[in-house]
Amino acid sequence: MVTTQDRTKSTYCAYIERHAVDTKRQIRIVNLDPAAEYFAYQPVVDIRDLIEVKDVMQDKLLNLGPNGALLYCMEYLLGHMDWLHEQLGEDLDGDYYLFDCPGQIELYTHLNLMKTLARTLETWSFRICGIYTIDAHFLTDSTKFIAGAMSALGAMVNLEIPHVSILTKMDLMSKKDKKRLHSYLEPDSESILMSEVETKWNSKFLKLTAAVGKVLDNYGLVRFYPLDMRRSKDMESLVLMIDIIMGVSEDADVKTQDFDAEEMEAEDNIS
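Here is a short report on the structure shown in this document. Because the structure is a prediction, the values reported are computed rather than measured. (Residues numbered from 1 in each chain as written. Predicted model: local features only at pLDDT ≥ 70, side-chain atom pairs only at ≥ 80, totals over all residues. Heavy atoms only, no water.)

## With respect to the environment of V45
Here V45 lies in strand β3 (residues 45-46). Exposure remark for V45: the relative accessible area of 3% places this residue in the buried category. Every residue in contact with V45, bar those within four places of it in the chain, is listed here: I29, V30, N31, W83, L84, Q87 and L88. (Helix = DSSP H or I, 4+ residues; strand = E, 2+ residues; numbered from the N terminus. Buried < 20%, exposed > 50% of the residue type's maximum accessible area, 1.4 Å probe, protein only. Contact = heavy atoms within 4.5 Å.)

Pasting the structure below:
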């Protein structure tokens, strides 16, 4: 589970848990965020039983702030992976485990901590798929969207694992933004920047933004999946996609669902 928004990832985990109950699937959630204060799901393993950010921050010898304390906690976890293995137990044949990880982006784009964690899980016979969530409000600003897409690309390249990038909070999008959604699902920086309103800031930095966007285009790896967590079809399609990526349902037929803005608007009106 890869994300930059703590609230988004916790909400995602909670909805996945509800979806698992509705579809009678066995999905176990593991909290690996030592700074978490509240989440609307019941984890089978909680890193806070091992170490917490607030306890590290209170250690006067360490003298660490929130970010430093979180990094310390993750390094501590990697030094005590036997604890995690013991907590997970020997019976690891559940449908799948969802690891709710910290929301500090540098863990995924700059450091090797999460890559090491993923490699260790693979030695325990886990099939890994990273989930990167980005709020749909990024669609209202093309330069902000490119920055978010670059973060997703950075996490994908650094972690070196199968990756799904998700646009969340689709229910909060305006009708106008929903209609221009297609251009953002498979980002083309040139077409996205063409819609940018001319401002004093843009006239100065638009060339720099375009150059950064070309890096995104050259890799061609980032594709976003629009997710409205209230829609059961969206949840089913996402879970199936992850199953196929991990090879869990190799014999299953691939079901593709085109995003239909009018259909979503109709469901919004009903709700």
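## A short note on the packing of aromatic side chains
Taken as a whole, this structure holds 5 aromatic pairs when the rule is applied. Seen in terms of ring centroids, F99 and F126 are 5.8 Å apart; in terms of plane orientation they differ by 75°. Their pairing is edge-to-face. Here F99 is found in strand β4 (residues 96-100), whereas its partner F126 is found in the loop between α6 (113-123) and β5 (130-135), with 27 residues between them in sequence. Look at F99 and you get buried, because its relative accessible area is 9%. The exposure class assigned to F126 is buried, which follows from its relative accessible area of 14%. Their ring planes at 55° and their centres at 5.3 Å tell us that F145 and F224 sit as a pair that is tilted. In this pair, F145 sits in helix α7 (residues 142-159) while F224 sits in strand β7 (residues 224-226), placing the two residues 79 residues apart along the sequence. (Phe/Tyr/Trp six-rings, centres within 6.5 Å; stacked < 30°, edge-to-face > 60°.)

## Quick word on the environment of M74
Relative to the assigned elements, M74 resides in helix α3 (residues 66-78). Separated by 28 residues in sequence, M74 and P102 have C-alpha atoms that sit 9.0 Å apart. Those residues in contact with M74 that lie beyond four places of it in its chain are L32, P34, I47, P102, L107, L113 and M114.

## As for the nonpolar core
In terms of nonpolar packing, the biggest core is built from 49 residues, with L32 and L84 touching the most fellow members. Among the elements that line this core, the one with the most residues is α7, at 6 residues. Ignoring sequence-local partners within four residues, the contact set of L84 consists of V30, L32, V45, L77, L117 and W124. Y12, A20, I29 and I242 belong to the second largest nonpolar core, which has 23 residues in total. (Core = buried A, V, L, I, M, F, W, Y, C linked by side-chain atoms within 4.5 Å.)

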